[in-house]
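Architecture at a glance
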Amino acid sequence: MGILNVTPDSFSDGGDTLDAAQAIAAGRQMIADGAGILDIGGESTRPGAEPVSSEDEQRRVLPVIAGLIGCNVPLSVDTRNAGTMAAALDAGAAIVNDVSALSHDPAAAPLIADRGCPVVLMHMRGTPATMQAHAAYDDVAGEVLAELATRIAAAQAAGIDLLQIAIDPGIGFAKTSEHNIILLQRLPILLGLGCRIVVGVSRKRFIGTLASVADPKQRMPGSIAAGLFALSQGASVLRVHDVAATVQAVRVWQRLAG
Ligand code: HH2
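The rules behind these values
- Residues numbered from 1 in each chain as written.
- Predicted model: local features only at pLDDT ≥ 70, side-chain atom pairs only at ≥ 80, totals over all residues.
- Heavy atoms only, no water.
- Buried < 20%, exposed > 50% of the residue type's maximum accessible area, 1.4 Å probe, protein only.
- Helix = DSSP H or I, 4+ residues; strand = E, 2+ residues; numbered from the N terminus.
- Pairing = 2+ DSSP bridges.
- Right-handed = clockwise from strand over helix to strand, strands pointing away.
- Core = buried A, V, L, I, M, F, W, Y, C linked by side-chain atoms within 4.5 Å.
- Contact = heavy atoms within 4.5 Å.
- Near = heavy atom within 4 Å.
- Polar contact = N/O pair within 3.5 Å; in protein donor to acceptor, adjacent residues only side chain to side chain.
- Areas by Shrake-Rupley, 256 points an atom, 1.4 Å probe, with all protein chains shown as cover.
- 1 Å grid on protein atoms, 1.4 Å probe; cavity = no way out; pocket = protein on both sides within 12 Å on 5 of 7 lines; lining within 4 Å.
- Sits in = over half its atoms within 2 Å of the grid points.
- Nonpolar A, V, L, I, M, F, W, Y, C, P; charged D, E, K, R; others polar.

**Here we look at the pairing of strand β5 (residues 119–122)**
Residues V119 and L121 point to one face of β5 and V120 and M122 to the other, with burial holding for every one of them. Two strands pair when backbone bridges link them, and strand β4 (residues 95–98) and β5 are joined in this way by 3 bridges, in the parallel orientation. The residue of β5 that forms the bridge with N97 is V120. In terms of handedness, the path from β4 via helix α4 (residues 108–115) over to β5 forms a crossover that is right-handed. Judged from the 4 bridges that link them, β5 and strand β6 (residues 165–168) form a sheet pairing that is parallel. Among the inter-strand pairings, L121 is bridged to a residue of β6, identified as I167. The β-α-β motif built from β5, the intervening helix α5 (residues 140–157) and the parallel element β6 has right-handed crossover chirality.

**With respect to the nonpolar core**
Counting residues in hydrophobic clusters, the biggest one holds 73 residues, and the most contacted among them are L38, I40, L68, L102, I165, I167 and V199. Considering each element in turn, this core owes the most residues, 6 residues, to α5. Setting aside its immediate chain neighbours within four residues, I167 contacts L121, L148, I152, L190, L193, C195, R196, I197 and V198. If you look at the next biggest cluster of nonpolar residues, it comprises 7 residues, including M1, V120, V198 and V237.

**Regarding the site of the ligand**
With respect to spatial proximity, 17 residues lie near the ligand, and among them S10, S44, T45, D168 and K204 are the closest. In this structure, T45 approaches the ligand through a main-chain N or O atom, which is 2.7 Å from an oxygen atom. Its free accessible area being 480 Å², the ligand has 99% of it covered by the protein chains. Taking a 2 Å distance to the grid points as the criterion, the majority of the atoms of the ligand fall inside the largest pocket. Its residues assigned to classes, the shell around the ligand comprises 5 nonpolar, 7 polar and 5 charged.

**Some details on the side chain of K175**
Counting through the fold element by element, K175 comes out in the loop between β6 and α6 (177–185). Polar contacts involving the side chain of K175 include one to the side chain of H123, which spans 2.8 Å. Sequence-distant contacts of K175, defined by excluding residues within four places in its chain, comprise H123, Q132, A135, Y137, V144, P169, G170, N180 and L183.

**Focus on the sheet that holds strand β8 (residues 237–238)**
Strand order across the open sheet formed by 8 strands is β1-β2-β3-β4-β5-β6-β7-β8, with parallel pairing between neighbours. Looking at the sheet topology across the chains shown, the edges are occupied by β1 (2–5) and β8. Looking at chain direction, β6 and strand β7 (residues 196–199) are connected through 2 bridges and run parallel. The residue of β7 that forms the bridge with I167 is I197.

Purely geometric stuff here, so don't read any function into it on its own.
Here it is in structure tokens:
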């Protein structure tokens, strides 16, 4: 899953593809490089980020979705807002990726149920503005498992088919570096929830902490190492910025791992 951030303030690539034409070109390059899904977002969810209105978010993502329709890979919209979800699906997006696991906007779960589209439910506590204050766990893997199970149950209660749900442990969302490490090491316990697992480690702060790399754009090798580890632990989708390098690494790893 290639990350296409149409934002001025994303933590690693803010402003790089804010212009729709630039974002469309970057998306086409990711597809040429082997991305199987493009995840298009108009709101940064980095720690402390300010929320963006659904209208502004739509102004950012809709032209990019329109420009990439027909590119032969499913487009995912990375949003917490039902209005943006509906407009993106109307424009041809196929998947919704919600960092709030459909808890931010009460209209989101009924909308997804009605549209019957796949949805990624990511684990987080609080909001991007407050989440790091909630990074306290007795058993991070067990608590993330239980909280994701609650979100899956809420989605199913709204009429969403379990087969359409993927889950994501939310690396870096209300988690310290140590929490991220434990979650990846214990990722297989999430497989019991019966959903595909999406993991996003790309360029995140814990990679910088582990490898002493301050500049997020220099964290590609560490991101690939963590991504391959996540695959070995049961993840089936990696959300990444550096598509070409990751695809090369995954192809070799897959062949060797059988
Ligand atoms: N991480 C980010 C955003 N959306 N969605 C899922 N499912 N999993 C993730 O780990 C995830 C996500 C944050 O990364 P990025 O989009 O690069 O940065 P920003 O939120 O600053 O735009």
